[in-house]
Amino acid sequence: MELLTPLSRADSQAVQRRRRGRNWAMLAALIALVGLFYAITLVKIGQGTMAF
Amino acid sequence: MTEPTNVGHGQNREGSQPSLALLSGTMVSGPEEAFSSAADWFALLKPRVMTLVVFTGWIGLLVAPGHLHPVLAFTAILCIAVAAGAAGAINMWYDRDIDAVMRRTAGRPIPAGRIAAGEALGYGITLSAFAVVVMALATNVAAAAVLALSIAFYVFVYTMWLKRRTPQNIVIGGAAGAFPPVIGWVAVTGGLDLMPILLFAIVFFWTPPHFWSLSLFAHADYARAGVPMLPVVAGARHTRWQIVLYTLFLVPLTVVPWALGLTGAIYGIAAIVLGLGFIVCAIRVLRDEQDAVGISLTKDAPARASFKYSILYLFVLFAALAVDRFVG
């Protein structure tokens, strides 16, 4: 059975800080992706090459 | 607020057991999820390698005849960057055992224990698929196919097949890094031509003197990891000669586009001047003060200089190509 070791307060704060950083990075990536697909779609429609 | 004292980058979490910790409202499923930061996931993409890949891909796109809408051109470059990063992440997953014993790479997220190997593999595969699909949607299927080929070449041919088996790993595997200008060209034109093939050949023959200069001063790391880099297998003296020979072959090759009338004089003169500089660097590597077996007595100062120059060389050579296209 796996031993469970509690984190120290300092480690716990570091974990939270890093998780928050990852979440913000993921949010930024998702927003950028939405913007990119929106822009690609506009260009493709404008060029009349939107063929899937 | 108390600052964490032992969770810095590049540090192992020795002593930290896999845990389900409940403290201050924090739940973690394991050390990897707990201690990886956004910067670790970015580091998996080998951003320093990505720079040159993006630049050569962008130049391929710029010098190609035709026009690509700026949004689509940006997307094509983004796909090249993401694909290169994804291939780098898969490379880090596969090479995690040798990365752990090499001083230069021991601090990477997987060997340092901040990201689980399986998660890095999934990340690499997902980003690879994303890059190829978006490239096909934004530009054309041919560019996406070449992009997929470049990822497959880097992962299967270089990383899994050649790297640990032959000192020619860099020579053949260098093709993976030579794809970006071709991808950029195909993204614009939808087809191949002589010019992108020449650009491919230039990066292909640039890679061995570039990488062997690095391996001359990092050979102890490669020897410790059992990677058969040329200085480890054939010795430093042989490697120095190979650097000179490849450089002597590379420089005339870079002049071929000008000789065939595919570029103007700006590129041609730049290729000659830069090439002469590269030859001087290679000869300095050859004539470095060394012992009986070719080991440097100057801490490989000429090899370090040659490595730095080789990066500048490719940047300026490709920049000259773009300048020539729009000014010449």
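Here the structure is a predicted model, which is why all the values come from computation and not from measurement. Numbers given for residues are sequential positions, taken from 1 along each chain in its written order. Chain labels run from A onward and ligand labels from 1 onward, assigned in the order the entries are written. Residue-level local features of this predicted model are given only where pLDDT is at least 70; pairs of side-chain atoms are given and counted only at 80 or more, and the full residue set underlies all totals for whole chains, interfaces and linings. With hydrogens and water set aside, each side-chain value is computed from the structure's full complement of heavy atoms.

**Student:** Would you mind going over the layout of surface pockets in detail, with residue names and values included?
**Tutor:** Of the voids in this model, the second largest pocket is the one considered here, and its volume is about 940 Å³. A pocket here means an open set of points on a 1 Å grid, computed over the protein atoms alone, that has protein on both sides within 12 Å along at least five of seven lines. A cavity is instead a set of points where a 1.4 Å probe fits but cannot get out; residues with an atom within 4 Å of a point line either one. The wall of the second largest pocket is formed by 21 residues, among which Ala-25, Met-26 and Ala-29 of chain A together with Tyr-123 and Leu-127 of chain B lie closest to the centre. Think of it this way: any DSSP run of H or I at least four residues long counts as a helix, any run of E at least two long counts as a strand, and we number them from the N terminus. The set of elements that each furnish at least two residues to the lining of the second largest pocket consists of helix H1 (9–47) of chain A together with helix H2 (38–43), helix H4 (70–94) and helix H6 (117–138) of chain B. Grid points are joined across faces, edges and corners, and a volume is the space filled by probe spheres set on the points.

**Student:** So what's going on with helix H3 (residues 47–63) of chain B? Residues and values would help.
**Tutor:** Residue and element names in this part refer to chain B. Here, expected helix span is obtained from the residue count minus one, scaled by 1.5 Å. The end-to-end C-alpha distance of H3 is 24 Å, a good match for the 24 Å that 17 residues give at a rise of 1.5 Å each. Exposure is judged per residue with a 1.4 Å probe applied to protein chains only, and the accessible area is read against the type maximum: over 50% gives exposed, under 20% gives buried, and values in between give partly exposed. Turning to H3, its buried residues are Met-50, Leu-52, Val-53, Phe-55, Thr-56, Gly-57, Ile-59, Gly-60, Leu-61 and Val-63. Any pair of residues with heavy atoms lying within 4.5 Å of one another is described as a contacting pair. Buried residues along H3 sit in contact with H4, helix H9 (175–189), helix H10 (194–217) and helix H15 (301–327).

**Student:** Please give an account of the environment of Pro-196 of chain B that cites residues and values.
**Tutor:** Here Pro-196 of chain B shows up in helix H10. When the C-alpha atoms of Pro-196 of chain B and Phe-179 of chain B are compared, they prove to be 9.1 Å apart, with 17 residues separating the residues in sequence.

**Student:** Describe the packing of aromatic side chains, listing the residues and the values that go with them.
**Tutor:** Residues and elements named next belong to chain B. Planes of paired rings set the category: under 30 degrees apart is stacked, over 60 is edge-to-face and the rest tilted, where pairs are Phe, Tyr or Trp rings (Trp by its six-membered ring) whose centres lie within 6.5 Å. With the rule as written, the count across this model stands at 16 aromatic pairs over all chains. Both rings, one in Phe-205 and one in Phe-249, keep their centres 4.7 Å apart while their planes meet at 55°; by these two values the pair is tilted. You can see Phe-205 sitting in helix H10 and its partner Phe-249 sitting in helix H13 (residues 236–259), a full 44 residues away along the chain. You can call Phe-205 partly exposed: its relative accessible area is 21%. With relative accessibility at 47%, the residue Phe-249 sits in the partly exposed group. Ring plane angle 40° and centroid distance 6.2 Å describe the contact between Tyr-309 and Tyr-313, whose orientation is recorded as tilted.

**Student:** Account for the side chain of Ser-306 of chain B, with residues named and values stated.
**Tutor:** Residues and elements named next belong to chain B. Considering the arrangement of structural elements, one finds Ser-306 in helix H15. Taking relative accessible area as the criterion, Ser-306 reaches 0% and is therefore assigned buried. A polar atom in the side chain of Ser-306 sits 3.2 Å from the side chain of Ser-213. With residues near it in sequence (within four places) discarded, Ser-306 still touches Ser-213, Phe-278, Cys-281 and Val-285. Counted as a polar contact is a pair of N or O atoms within 3.5 Å, where, for protein atoms, one must be capable of donating a hydrogen and the other of accepting one, and residues adjacent in sequence contribute only when both atoms are in side chains.

**Student:** Now, about the pattern of salt bridges: what can you tell me, with residues and values included?
**Tutor:** All names here are of chain B. The term salt bridge refers to a side-chain nitrogen of Lys or Arg lying within 4 Å of a carboxyl oxygen of Asp or Glu. For the structure shown, the criterion picks out eight salt bridges over all chains. With its nearest N and O atoms 3.1 Å apart, the salt bridge here joins Arg-108 to Asp-99. For the pair formed by Arg-108 and Asp-99, the shared burial category is buried. Close ionic contact of Asp-300 with Arg-240 constitutes a salt bridge, the shortest N to O distance being 3.7 Å. In this pair, Asp-300 is assigned in the loop between helix H14 (265–286) and H15 and Arg-240 in helix H13, connecting sequence segments 60 residues apart. Each of the two residues, Asp-300 as well as Arg-240, counts as buried. Where salt bridges share partners, they join Asp-95, Asp-97, Lys-163 and Arg-164 into one cluster.

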